[in-house]
Amino acid sequence: MITLDNVVLGHAGRPLLRPISISVSAGDFWGIVGPNGAGKSTLIKTIVGLIPAVGGAVQLAQPLPRFGYVPQQHALSAHYPLTAFDVVLMGRTGMLRLGQRPKAQDLARTHEELSRIGMAAVAQHQFAALSGGQKQRVLMARALVSDPDVLVLDEPTAGMDLPGEESILAFLRRLHAERKMAVLMVGHHISNVARVATHLCLINKDTSLFEAGPAAALLTSTCLSRVYNQPIAVERVNGAVQVFAQEQPHD
Amino acid sequence: MTESVSFWQSWFMWRDAIIVAALCAAALSYLGVWIVLKRVVYVPLALSQVSSVGVVVAFFICSLLEGHRTSALFDPAWMSLVFGLVPAFYFAHPKGEGSNATVVAYLVSAASALLLAGFVRQDLHDVDSVLFGSAVLVETIQIVYVGLAVLALGLVHVFYYRRFLFISFDPTSAGASGLRVYRHEVLLYVTFAIMISVSTRAIGALPAFGFTVLPALAALNLATTMRATFVLATLIGTLSAVLGYYLSFVWELPTGATMVGVAGLAYVATAWIPTRSRRAETYVVPVDSSQNCARNAS
């Protein structure tokens, strides 16, 4: 569906990393992890076509896959007088002709996605007044209302409390199982990403490191320690992978 | 009462000016909602200042080409429009959105206009009236210019409203969904540039800037939907222009300043009404102190 063949990521012609290659198929769940400023967002923005690759090409299958993008909820302005319904309906904009008003089908799909994600009760509430978790769900509904082939999430659990994180991850797991769409998720907490992803991209531009492959193969202390440039322990607790940063050894 | 009677008796004198002021106020107040929500309130200032350089350049070239046929090409109205459009392309770009670019454009163009005006062989009062309009008396041709600009603005926004909303609220997601964000931003900023340069010439710089900010802020204090915000802003702007014009006649006040003053009062009045954000407050669930782990442990 998406193939990056020796693609050089970067900004304004300046490369961030050595050339990278990955291949995303329908039904894959990719977790993209790495330290702050490692190039995770640059990778997903390059894949969806928002940032041009410095070298190489992002090859997309024909017909072109449709992307549904979920930004970090706190990156959006709180000043727009928009209801949750308005925000989800925005996801249908690309499907409307110029000047066309949303049809009954668009409104029905919007209601359907809000209900499916458990947000029907707040459909007419101001988006700005929702909690972080509610906003994130509404933004997911907006991405899903366009019936995407690839769902791209930029740190969907950033700034959330534990129950909020858990509900988002459970929803993503269910969604992935039901719809079999490809999912690309940038995450900060590797333990969380490891619970949902089938594949991982480990990225760190500062150490020029990029590894991609099945999650089971990459979730090792050696791999993660290389990416984060410090000792990382990987343990299994009740079947779930837990990742801990360890103290740097002193000289 | 006497002033009121004489105002209506001399209606034929003010008719064009009031029509132009109301049209400009309505269009700028509508655009103001976008400008305020996009947090680019300095852009109208910079655009009107850069387009004023176009007017001075037009006068300067015309004075050089006096008697030549080509001087008709350098009409101040066209030149102000062309100069206003150029920065619109830059401001629409993510790199140009920051306030630094707009402030630099404002300062450099203000200095350029002043420096160049010294070389213009025309009465400075004439240049000033073309540059900033008077809002008191306007030429009938201004109704045509403003009317055409409002028509173009209306058509573009009817067709592109939903796309403008998506790219303004969340440009990254809009881009990922396949919308060409920069192209749509340019189109939106071009409508700002056209309306601001035409309005600055017709009603003056102060009211043009005032109408792009105050009615939108007042409407955002009251409205809970985008549609209501646009309708309220347009109404507040239009009423401020008409009422301001009337009051300036009755009380013999400067017209542009009175119109802005009325719009300012509308903003202050709406600030006293419980606002959308206050109505939309989220509620925090009170914590039961008996469930406090630290207390139970101790």
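Residues numbered from 1 in each chain as written. Chains lettered and ligands numbered in written order. Predicted model: local features only at pLDDT ≥ 70, side-chain atom pairs only at ≥ 80, totals over all residues. Heavy atoms only, no water.

A.B. asks: For this particular structure, what's the right way to read the confidence of the model for chain A?
C.D. replies: Low-pLDDT portions of the prediction should not be read for the details of their coordinates. Residues of chain A with pLDDT of at least 70 account for 99%, and the chain-wide mean is 89. Least confident of the elements in chain A is strand β13 (residues 240–245) of chain A, whose mean pLDDT is 81; most confident is helix α2 (residues 84–89) of chain A, at 97. (pLDDT = per-residue confidence, 0-100. Helix = DSSP H or I, 4+ residues; strand = E, 2+ residues; numbered from the N terminus.)

A.B. asks: Is there a simple way to think about the pairing of strand β9 (residues 182–187) of chain A in this case?
C.D. replies: Successive residues of a regular strand alternate their side chains across the two faces of the sheet. Residues and elements named next belong to chain A. Across the six residues that make up β9, a large majority, six, are buried. Judged by which residues are buried, β9 turns out to be covered on both faces: A182, L184 and V186 on one side and V183, M185 and G187 on the other are all buried. The pairing of strand β5 (residues 29–33) with β9 spans five bridges and is classified as parallel. If you follow I32 over to β9, its bridge partner there is V186. Relative to β9, strand β8 (residues 150–154) runs parallel, the two being bridged by five bridges. Residue pairing in the sheet places L151 in a bridge with V183 of β9. Regarding the hand of the β-α-β motif, the stretch spanning β8, helix α5 (residues 162–179) and β9 is right-handed. (Buried < 20%, exposed > 50% of the residue type's maximum accessible area, 1.4 Å probe, protein only. Pairing = 2+ DSSP bridges. Right-handed = clockwise from strand over helix to strand, strands pointing away.)

A.B. asks: Honestly, empty space enclosed by the protein in this entry has me stumped. Any pointers?
C.D. replies: The rolling of a water-molecule-sized probe over the atoms marks out the regions of remaining empty space. Residue and element names in this part refer to chain A. Taken as a whole, this structure holds three cavities of 30 Å³ or more when the rule is applied. A volume near 70 Å³ is recorded for the largest cavity. If you list the elements that add at least two residues to the lining of the largest cavity, you get β7 (67–70) and α4 (132–144). Counting residues per element, the lining of the largest cavity draws most heavily on β7, at three residues. For the lining of the largest cavity, the class distribution of residues is four nonpolar, five polar and one charged. Estimates place the volume of the second largest cavity at around 40 Å³. (1 Å grid on protein atoms, 1.4 Å probe; cavity = no way out; pocket = protein on both sides within 12 Å on 5 of 7 lines; lining within 4 Å. Points joined across faces, edges and corners; volume = space filled by probe spheres on them. Nonpolar A, V, L, I, M, F, W, Y, C, P; charged D, E, K, R; others polar.)

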